[in-house]
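The primary structure of each chain is shown beneath.
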Amino acid sequence: MLKRKCDRCGKKAAMELPYGPHYFCREHFLHFFEKRVRKTCRTNKLVKPGEKLLVAYSGGKDSSVALYLVNKIFGKSNKVEALLIDEGIKGYRDCALQYAEKNCKAWGIPFTRVSFKKEFGFTMVDVMRKTGAKKKIGSTCAFCGVLRRRLMNKYAKKLGMDKLVTGHNLDDEVQSILMNVCEADLSRLVRLGPIAGISSIKGLVPRIKPLWESPEIEIIAFAYYNKIHHYEEQCCPFKWQAKRNTYRAILNQLESQFPGTMYSILSFFRQAKPKLVEKKREVKLNSCKECGEPCSGSTCMSCKKIMEFKKK
Ligand code: SF4
Ligand code: ZN
């Protein structure tokens, strides 16, 4: 227990946020956290009145908190629904989705559950079995992410939703910024931000990130103090392959040694993005000849991956 007192009320502090530094009791931490999410939504104009919001809900901490808060903040003025995607990772995603279904029912939020197996005819376990650990098909997570985004877009359109909400947090975003800088990938870099992409593209439902400025550790605390039950038993068995693990470790070390580093990187990106976007010409999008989804070439990335997988 911390010896310091809450900055707001003088009660014993339960949380220390070293980048402030801020000290908060439980109640004032929850207030501070929610206020910041509201500010992220307001200043970045993430949600317009009456827009229908589809939250991609995995049952983990980030999307649980995103769904809870989006429903709390916008549930009265906007339609809020959840999309549960089952990649077919037994002992992991099926368990996580049990939490997702339970929370949706408890919060009265309609949900749609879809699966890779039904949509594509295979699961991520099949992909791993067939391709081995790190074959040409790309890392498992990149494969999984492409297909998941495809389903998100497909179902957002099918359900008539205006925006897709994801649980990406500050740590995720800063890791992505650093990864793209290290790989000199300007195209991907400029697509980051609280609204994914650089402009609205016909056929692509905009993806928004209300937790863009919320550190992961505070999301865990927010869920804990609010008794938001979420899946936390184990990581995805394929997660060890993710390149971002290395970036996570480096950034966590920087943050603990120099508190506020993650916010500084985010702030740098926020200032640089408009200038970078100017330099980046808009990509003209076509319709994929296989599935009809928007893409820059003639076949979209998810169809390419599926064909590559089926060939093996
Ligand atoms: Fe998919 Fe990778 Fe996430 Fe596992 S860790 S669910 S493989 S993106
Ligand atoms: Zn207090």
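Structure: see above.
## Side note on the layout of surface pockets
Any space left empty among the atoms is revealed by the rolling of a water-sized probe across them. Considering only enclosed or pocket space, the second largest pocket measures out at about 380 Å³ in volume. Taken together, 18 residues form the lining of the second largest pocket, with Pro18, Asp171, Pro215, Ile217 and Glu255 sitting closest to its centre. Going through the elements one at a time, β1 (15–17), α7 (170–182), α9 (216–225), α10 (244–257) and α11 (261–279) are the ones with two or more residues in the lining of the second largest pocket. No other element matches α9, which puts 4 residues into the lining of the second largest pocket. Counting the residues that make up the lining of the second largest pocket, at least three belong to each of domain 1 (1–43) and domain 2 (47–280).

## Looking at the environment of Ser256
Tracing the chain through its elements places Ser256 in helix α10. According to the relative accessible area criterion, Ser256 is exposed, its value standing at 61%. Along the chain, Ser256 and Pro18 lie 238 residues apart, while their C-alpha atoms are 8.5 Å from each other. Only 3.2 Å separates the side chain of Ser256 from the backbone oxygen of Gln253, close enough to count as a polar contact.

## Let's talk about the coordination of the zinc ion (ligand 2)
In this structure, Cys6 (SG), Cys9 (SG), Cys25 (SG) and His28 (ND1) serve as the protein donors to the zinc ion (ligand 2), at separations of 2.1 to 2.4 Å. Metal-centred angles of 96 to 119 degrees between the 4 donor atoms at the zinc ion (ligand 2) mark the site as tetrahedral. Each donor residue of the zinc ion (ligand 2) lies on one chain, and together they are spaced C-x2-C-x15-C-x2-H. One end of the pair, Cys9, is in the segment before β1; the other, Cys25, is in the loop between β2 (22–24) and α1 (26–43), and 16 residues separate them in sequence. Accessibility expressed as a relative area gives 35% for Cys9, which makes it partly exposed.

## Quick look at the pattern of salt bridges
A full pass over the atoms with the stated rule returns 18 salt bridges. Two residues, Lys61 and Glu216, come together in a salt bridge whose shortest N-O distance is 3.3 Å. Taken together, the positions of Lys61 in helix α2 (residues 61–74) and Glu216 in helix α9 put the pair 155 residues apart, joining distant regions of the chain. On the accessibility criterion, Lys61 (18% relative accessible area) is buried. Arg113 is paired through a salt bridge with Asp86; the nearest N and O atoms lie 3.5 Å apart. Here Arg113, found in strand β5 (residues 111–115), pairs with Asp86, found in strand β4 (residues 80–86); they are 27 residues apart in sequence, far enough to count as distant. When its relative accessible area of 37% is taken as the criterion, Arg113 is described as partly exposed. Three or more residues are tied together by salt bridges with common partners; here these are Glu34, Arg38 and Lys72.

About the cut-offs
Residues numbered from 1 in each chain as written. Chains lettered and ligands numbered in written order. Predicted model: local features only at pLDDT ≥ 70, side-chain atom pairs only at ≥ 80, totals over all residues. Heavy atoms only, no water. 1 Å grid on protein atoms, 1.4 Å probe; cavity = no way out; pocket = protein on both sides within 12 Å on 5 of 7 lines; lining within 4 Å. Points joined across faces, edges and corners; volume = space filled by probe spheres on them. Helix = DSSP H or I, 4+ residues; strand = E, 2+ residues; numbered from the N terminus. Domains from an automatic or database assignment. Buried < 20%, exposed > 50% of the residue type's maximum accessible area, 1.4 Å probe, protein only. Polar contact = N/O pair within 3.5 Å; in protein donor to acceptor, adjacent residues only side chain to side chain. Donors = N, O, S within 2.8 Å, 3.2 Å for Na, K, Ca; no water. Tetrahedral: all angles 85-135°; square planar, octahedral: opposite > 155°, others 65-115°. Salt bridge = Lys/Arg side-chain N within 4 Å of Asp/Glu carboxyl O.

Geometric values such as these leave the question of function open.
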